[in-house]
Amino acid sequence: MEQKVRIREILPDGTALVVHVRESACSGDCHKCAGCGAARETITFPAANPIGAAAGDVVTVSSASGPVLRAAAVTYLLPLVLFFLGYALWGGWGGGAGFGLGVAGIVVYDRRVAKKEGTVYTITGYAQKKGDNDLG
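This one's a predicted model, so the numbers in the text were calculated from it and none came from an experiment. (Residues numbered from 1 in each chain as written. Predicted model: local features only at pLDDT ≥ 70, side-chain atom pairs only at ≥ 80, totals over all residues. Heavy atoms only, no water.)

Enquirer: Honestly, the packing of helix H1 (residues 66-90) against helix H2 (residues 92-115) in this entry has me stumped. Any pointers?
Expert: Two quantities define a packed helix pair, namely the angle between the axes and the distance from one axis to the other. Close contact between H1 and H2 brings their axes to 6 Å; oriented N to C, the two are set at 160°. Between H1 and H2, the angle falls in the class roughly antiparallel. Viewed along their axes, H1 and H2 form a crossing whose handedness is right-handed. Classifying every residue of the contact of H1 with H2 by side-chain character gives 15 nonpolar, 9 polar and 1 charged. (Axes fitted to C-alpha atoms, helices over the stretch in contact; angles between N-to-C directions. Helix = DSSP H or I, 4+ residues; strand = E, 2+ residues; numbered from the N terminus. Parallel < 35°, antiparallel > 145°, perpendicular 65-115°, else oblique. Left-handed = near helix turned anticlockwise from the far one by under 90°. Nonpolar A, V, L, I, M, F, W, Y, C, P; charged D, E, K, R; others polar.)

Below, the structure written as structure tokens:
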């Protein structure tokens, strides 16, 4: 998965602290749909900097897709599968219990992943050098 981010600063260990502005699904064009009021969220995270980019550069970062897809599968499929399995075996209350077990599984998975080291991001190239028509 790739994202365009701006480097805020270079850390002492050589990694870069990067900033990504997450917008709503409609890309923040609120005037087109009478204003949804969706807020922009700024996310800051470290990324390996093998290309030696400098603070202020707009770069492309990438991360492995596997952890994201695994989390999506656990989040969306586990409760659904356990709901239908519970419903097929024990009826209505079994479906509710299966769904509850699925949600509990999500919580356990989330805590296990949170204890491990987070997603590793790597700067893969320049999207824009500092001073080249700055994005803001």
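There is more to say after this.
Enquirer: How should I be thinking about the packing of aromatic side chains in this particular structure?
Expert: In this description, an aromatic ring pair is defined by two values, namely the gap between the centres and the angle between the planes. Applying the stated rule across the entire model yields 4 aromatic pairs. With a centroid separation of 6.2 Å and 20° between ring planes, the pair formed by Phe83 and Tyr87 is classed as stacked. In this pair, Phe83 and Tyr87 are both assigned in helix H1, 4 residues apart and thus about one turn of the helix distant. A relative accessible area of 28% means that Phe83 is categorised as partly exposed. (Phe/Tyr/Trp six-rings, centres within 6.5 Å; stacked < 30°, edge-to-face > 60°. Buried < 20%, exposed > 50% of the residue type's maximum accessible area, 1.4 Å probe, protein only.)

Enquirer: In this structure, what is going on with a nonpolar patch on the surface? I would like to understand it.
Expert: Together, Tyr76, Leu77, Leu80, Val81 and Phe84 give the surface a local cluster of nonpolar side chains, amounting to about 550 Å² of exposed area. Relative to the helices and strands, Tyr76 is located in helix H1. (Patch = residues over 30% accessible without salt bridge, like charges linked within 9 Å, V, L, I, M, F, W, Y side chains within 5 Å. Areas by Shrake-Rupley, 256 points an atom, 1.4 Å probe, with all protein chains shown as cover. Salt bridge = Lys/Arg side-chain N within 4 Å of Asp/Glu carboxyl O.)

Enquirer: Would you mind showing me how to read the nonpolar core here?
Expert: Across soluble globular proteins, nonpolar side chains have a tendency to be buried as a group. Within the largest apolar cluster, 10 residues are counted, these being Val5, Ile7, Ala16, Val18, Phe45, Ala47, Ala53, Val59, Val61 and Ile123. Listing elements by their share of this core, those giving two or more residues are strand E1 (2-10), strand E2 (16-22), strand E3 (41-47) and strand E4 (58-62). Leave out the neighbours within four places in its chain, and Val59 touches Gln3, Lys4, Val5, Ile7, Ala53, Ile123, Gly125, Tyr126 and Ala127. (Core = buried A, V, L, I, M, F, W, Y, C linked by side-chain atoms within 4.5 Å. Contact = heavy atoms within 4.5 Å.)

Enquirer: So what exactly am I meant to see when it comes to H2 here?
Expert: An α-helix turns once per 3.6 residues; consequently, residues spaced three or four apart project the same way. The end-to-end C-alpha distance of H2 is 35 Å, a good match for the 34 Å that 24 residues give at a rise of 1.5 Å each. Residues of H2 that are buried: Gly94, Gly95, Gly98, Gly102 and Tyr109. Considering only its buried residues, H2 is in contact with H1. (Expected span 1.5 Å × (residues − 1).)

Enquirer: Which parts of the structure should I look at to understand the environment of Val103?
Expert: For Val103, the location among the structural elements is in helix H2. For the pair Val103 and Thr75, spaced 28 residues apart in the sequence, the C-alpha separation amounts to 7.9 Å.

Enquirer: Explanation requested: H1 in the structure shown.
Expert: Spanning 25 residues, H1 covers 34 Å between terminal C-alpha atoms, matching the ideal 36 Å at 1.5 Å per step. Listed as buried for H1 are Val74, Pro79 and Gly86. Positive backbone phi, at 85°, marks Gly91, one or two positions downstream of H1.

Enquirer: Please clarify how the side chain of His20 should be interpreted in this entry.
Expert: One can find His20 in strand E2. A residue is classified by how much of its surface remains accessible, and His20, at 18% relative accessible area, is buried. Setting aside residues no more than four positions away along its own chain, His20 makes contact with Gln3, Lys4, Val5, Glu41, Thr42, Ile43 and Phe45.

Enquirer: Quick question: what am I supposed to make of the pairing of E4 here?
Expert: Two faces make up the sheet, and in a regular strand the side chains alternate between them. By the criterion of burial, E4 is predominantly enclosed, with 5 of the 5 residues buried. Of the two faces of E4, the one carrying Val58, Thr60 and Ser62 and the one carrying Val59 and Val61 are both buried. Across 5 bridges, E1 lies against E4 in antiparallel orientation. When the bridges of E4 are listed, Arg6 appears paired with Val58. (Pairing = 2+ DSSP bridges.)

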